[in-house]
Amino acid sequence: MMQRFFLVFTAILSLAACAHFENRDAILVTSVQPDYPQEARDQGIEGRVVLEYIINEEGIPVDIQIVEATPKGVFELAAIAALSQWRYQPALKMGRPTRSPEAEAVLNFELAQ
């Protein structure tokens, strides 16, 4: 009886230890499509924006930087506004939420044909 209790107790401790030391990347939970700037829509302009950012311990994109924008000066603000609303399950390191290294997103702005 005591040996069985010890085996069950050891198994439970092992499972708890595994959960405590879980490591995983951030997981996207919610993404928001950017608003298409009306002036660009009216002029038939399409483009894309490449952004780099950090996902903080709460799963919020921070330190958002524009890496590339085509054409320049048209879609950047809409891209940042949309990405700011994305939410993640934060990355885990040793079972604790942690900041992610730089992530990248590419937002395409295309008009329906």
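If you're wondering where the values come from, they're calculated on a predicted model, not measured in any experiment. (Residues numbered from 1 in each chain as written. Predicted model: local features only at pLDDT ≥ 70, side-chain atom pairs only at ≥ 80, totals over all residues. Heavy atoms only, no water.)

The description of an aromatic ring pair uses the distance of the two centres, along with the angle that the planes make with each other. On inspection of all chains with the given rule, the structure shows four aromatic pairs. An angle of 75° between the planes, with centres 5.8 Å apart, marks the rings of Y36 and F109 as edge-to-face. Within this pair, whereas Y36 is found in the loop between β1 (27-30) and α2 (38-43), its partner F109 is found in strand β7 (residues 103-109), the two being separated by 73 residues in sequence. With relative accessibility at 13%, the residue Y36 sits in the buried group. Ring pairing ties together the aromatic residues Y36, F75 and F109, which thus form one cluster. (Phe/Tyr/Trp six-rings, centres within 6.5 Å; stacked < 30°, edge-to-face > 60°. Helix = DSSP H or I, 4+ residues; strand = E, 2+ residues; numbered from the N terminus. Buried < 20%, exposed > 50% of the residue type's maximum accessible area, 1.4 Å probe, protein only.)

Our focus in this paragraph is unusual backbone geometry. With omega at -15°, the peptide bond leading from T70 into P71 counts as cis. Relative to the helices and strands, P71 is located in the loop between β3 (61-70) and α3 (76-83). Despite not being glycine, D63 shows a phi value in the positive range, around 55°. Here D63 shows up in strand β3. Unusually for a residue other than glycine, M94 sits at a positive phi of about 60°.

In this structure the tally under the stated criterion is three salt bridges. Between R99 and D63 there is a salt bridge, with the nearest N and O atoms lying 3.1 Å from each other. Residue R99 is found in the loop between β6 (96-98) and β7, and its partner D63 is found in strand β3; the two are separated by 36 residues along the sequence. On the basis of relative accessibility, which here comes to 39%, the residue R99 falls in the partly exposed class. On the accessibility criterion, D63 (47% relative accessible area) is partly exposed. (Salt bridge = Lys/Arg side-chain N within 4 Å of Asp/Glu carboxyl O.)

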